Amino acid sequence: MSVVTSPSPPQGRLAKWDNLKAVLIFLVVFAHLFRRVNGDHPIMAGVFFFIYLFHMPAFLFVSGLFSKSAVKKHNYDRVFSFFLVYLVTKFLLWFTDLLLADDLVNEMPYTNLFREGGVAWYGLAMCIFLLMTMFLERYRTPALMAVFLTLGCLAGYCKDVDAFLSLSRILVFYPFFLAGYALMPEQILRVTEHWYSRVLSAAVLVAACWLCLQYREVLTPYTEFLKGKTNFSILEDLAPYGGLLRLAFYGVAFLLTFCLIAVIPNCHIPVVSTVGRRTLPVYMFHYALVSYFYTGFVLKDWVLVHFPTLYGLAYAVISLLIVLVFAAKPFDWLATKLTVLPLQTKSKQKGSGDL
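All values reported here derive from a predicted model rather than from experimental measurement.

**Q** Would you explain the overall build of the protein in this entry?
**A** Within the protein one finds 18 helices and zero strands. Put simply, the protein has 355 residues, and 49% of those count as buried. Pairs at least 24 apart in sequence give 84% of the contacts found in the protein among residues at least 6 apart. Only carbon and sulfur atoms are counted for the fraction: they give 68% of the accessible area of the protein, which is about 17,600 Å².

The following block contains the structure:
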């Protein structure tokens, strides 16, 4: 019997980061899918709160970690590629709404290029984060971190800081990107690769998940707060303390991000590591399919009929399938063609499936 060997990771890459991104993109898809079709399930409400505590902060931290070359070389091609990611993702969502519209005359989908409160915000944010960091790299990181943590905490008090150019999310989440840019992968590994770091990190993650499940009824109303796209009015009576709550969010998100990094294996895992190198097409294409499931196919009804007691597991399997499909080579190739112009060098076109 012949043995099929998995391709080894590209030279110079550490499998830990690919594995981490694979886990994070699965959580992104799972949260988008389950929350839209059955987000009111009491147990899953606690799971969602736990996921939103760290999954986008961790993604942006890793994005900053591996943006050093683009920033230092002022690679504006990379900036423009992320802007194309934003435009393509926004167009796909608009086109899906167009296909699902019953009456195009009276229900023509409307989109605003300059306002983004949905999934396309990441592409626009990365474009702006890269430009900001190119301009600010001359300044000391601790001072920058203090400034942007303060801005992130104060942003929620201003009603005009909202979805226009995803400004609210950009101010709230930039510290995670900046922290990743300031640190070296080797520094992080020195702290997280010890066995006791892994054990302690696993305990912290389990404890955090348990607390989110245990106090889900109290925490669930504040899930939108974790997304960083609205002002503190959603906190109602706690709105005056929104800045302190956001500061606490920063602390928890950074802690859970480092804990997750610690528990992720630093070895090549077949399929998982490959998915981690192709997160871009999954990000770009998955939400259009989720939107169709929600509006056209009515996935919620189908799952509840066929898996009345295991529908949480069913959604996890469906999310995994979505990730595997969009991480396949054809979609990776398509994402590259859509986000890298022919004028850009071939070397810059390679690896564009990486967020």
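**Q** It is not clear to me how the packing of helix H2 (residues 42-65) against helix H5 (residues 121-136) should be interpreted in this structure. Could you clarify?
**A** Helix-helix packing is described using two parameters, namely the angle between the two axes and the distance between the axes. Across the interface, H2 lies against H5 with an axial gap of 12 Å and an inter-helix angle of 40°. Taken together, the axes of H2 and H5 are oblique relative to one another. Seen along the crossing, H2 lies across H5 with a hand that is right-handed. From H2, Met56, Leu60 and Ser63 reach across to H5, where they touch Trp121, Tyr122, Met126 and Phe129. The residue makeup of the contact of H2 with H5, split by class, is six nonpolar, one polar and no charged.

**Q** What should I look at first to understand the packing of aromatic side chains in this one?
**A** Think of a pair of aromatic rings as described by two things: how far the centres are apart, and how the planes are tilted against each other in angle. The tally for this structure, following the rule as stated, stands at 32 aromatic pairs. A ring pair is formed by Tyr174 and Phe177, whose centres lie 6.2 Å apart and whose planes are at 25°; its orientation type is stacked. Here Tyr174 and its partner Phe177 are both found in helix H7 (residues 167-182), three residues apart, which amounts to about one turn of the helix. Phe177 matches Tyr174 in its accessibility class, with the two residues each being buried. Here Phe326 and Phe331 contribute two aromatic rings whose centre-to-centre distance is 4.9 Å and whose plane-to-plane angle is 85°, an arrangement assigned as edge-to-face. Above the face of the Phe135 ring, Arg138 is positioned so that its terminal group lies 4.9 Å from the ring centre.

**Q** Is there a simple way to explain the nonpolar core in this structure?
**A** The nonpolar side chains of a soluble globular protein tend to be buried, and buried together. Core analysis: the biggest nonpolar cluster contains 98 residues, and Phe129, Phe173 and Phe249 have the highest contact counts within it. No other element matches H2, which puts 16 residues into this core. Those residues in contact with Phe249 that sit more than four places away from it in its chain are Tyr52, Leu53, Pro57, Phe173, Phe176, Phe225 and Leu226.

**Q** How should the pattern of salt bridges be read in this particular structure?
**A** Here the idea is simple: oppositely charged side chains can pair when their charged atoms come close. Inspection of every chain in the model, using the stated rule, returns seven salt bridges. Measuring nitrogen to oxygen at the nearest pair gives 3.1 Å for the salt bridge that ties Asp162 to Arg115. You can see Asp162 sitting in the loop between helix H6 (141-155) and H7 and its partner Arg115 sitting in the loop between helix H4 (76-100) and H5, a full 47 residues away along the chain. The exposure class of Arg115 is partly exposed, given its relative accessible area of 36%.

**Q** Sorry, what's going on with unusual backbone geometry here?
**A** Among all residues save glycine, negative phi is the norm, and among peptide bonds the norm is trans. With phi around 55°, Ser166 is a residue other than glycine that occupies positive phi space. Tracing the chain through its elements places Ser166 in the loop between H6 and H7. In the Ramachandran plot, Val271 falls in the positive-phi region, its phi being about 75° despite a non-glycine side chain. Take Val271: it is sitting in the loop between helix H12 (242-263) and helix H13 (272-276). The class of Val271 is partly exposed, set by a relative accessible area of 48%.

**Q** Sorry if this is basic, but what is going on with the packing of H5 against H7 here?
**A** Contact geometry of H5 with H7 gives a least axis separation of 10 Å together with a crossing angle of 60°. Taken together, the axis directions place H5 and H7 in an arrangement best described as oblique. At the point where H5 passes H7, the crossing takes the right-handed sense. Counted together, Trp121, Ala125, Met126, Ile128, Phe129, Leu130, Met132, Thr133 and Leu136 of H5 and Arg169, Ile170, Phe173, Tyr174, Phe177 and Tyr181 of H7 form the full contact between these two elements. When the residues that make up the contact of H5 with H7 are grouped by side-chain class, the tally is 13 nonpolar, one polar and one charged.

**Q** Would you explain helix H16 (residues 311-326) in this entry?
**A** The periodicity of an α-helix, 3.6 residues per turn, causes residues three or four places apart in sequence to face the same way. Counted at 1.5 Å a residue, the expected span for H16 with its 16 residues is 22 Å, and the 22 Å between its end C-alpha atoms agrees. For H16, the complete set of buried residues consists of Tyr311, Ala314, Tyr315, Ile318, Ser319, Ile322, Val323 and Phe326.

**Q** Mind showing me how you'd approach the environment of Ala179 here?
**A** Its location among the elements puts Ala179 in helix H7. A residue is classified by how much of its surface remains accessible, and Ala179, at 10% relative accessible area, is buried. Separated by 37 residues in the primary sequence, Ala179 and Pro142 have C-alpha atoms spaced 9.5 Å apart. Apart from residues no more than four positions distant in its own chain, Ala179 is found in contact with Phe61, Met145 and Phe254.

**Q** Help me understand the environment of Gly46, please; the structure alone is not making it clear to me.
**A** Structurally, Gly46 is set in helix H2. The sequence separation of Gly46 and Leu213 amounts to 167 residues, and the corresponding C-alpha distance is 4.5 Å. When residues no more than four places from it in sequence are discounted, the contact partners of Gly46 are Cys212, Leu213 and Arg216.

**Q** What is the right way to look at a nonpolar patch on the surface in this model?
**A** Together, Val271, Trp302, Phe307, Leu310, Leu313, Val317, Leu320, Leu321 and Leu324 make up an exposed nonpolar region whose accessible area comes to about 810 Å². With five residues, the top contributor of residues to the nonpolar patch is H16. Take Trp302: it is sitting in helix H15 (residues 299-306).

Reading the values: the criteria
Residues numbered from 1 in each chain as written. Predicted model: local features only at pLDDT ≥ 70, side-chain atom pairs only at ≥ 80, totals over all residues. Heavy atoms only, no water. Helix = DSSP H or I, 4+ residues; strand = E, 2+ residues; numbered from the N terminus. Buried < 20%, exposed > 50% of the residue type's maximum accessible area, 1.4 Å probe, protein only. Contact = heavy atoms within 4.5 Å. Areas by Shrake-Rupley, 256 points an atom, 1.4 Å probe, with all protein chains shown as cover. Axes fitted to C-alpha atoms, helices over the stretch in contact; angles between N-to-C directions. Parallel < 35°, antiparallel > 145°, perpendicular 65-115°, else oblique. Left-handed = near helix turned anticlockwise from the far one by under 90°. Nonpolar A, V, L, I, M, F, W, Y, C, P; charged D, E, K, R; others polar. Phe/Tyr/Trp six-rings, centres within 6.5 Å; stacked < 30°, edge-to-face > 60°. Lys NZ or Arg CZ within 6 Å of the ring centre and 35° of its normal. Core = buried A, V, L, I, M, F, W, Y, C linked by side-chain atoms within 4.5 Å. Salt bridge = Lys/Arg side-chain N within 4 Å of Asp/Glu carboxyl O. Expected span 1.5 Å × (residues − 1). Patch = residues over 30% accessible without salt bridge, like charges linked within 9 Å, V, L, I, M, F, W, Y side chains within 5 Å.

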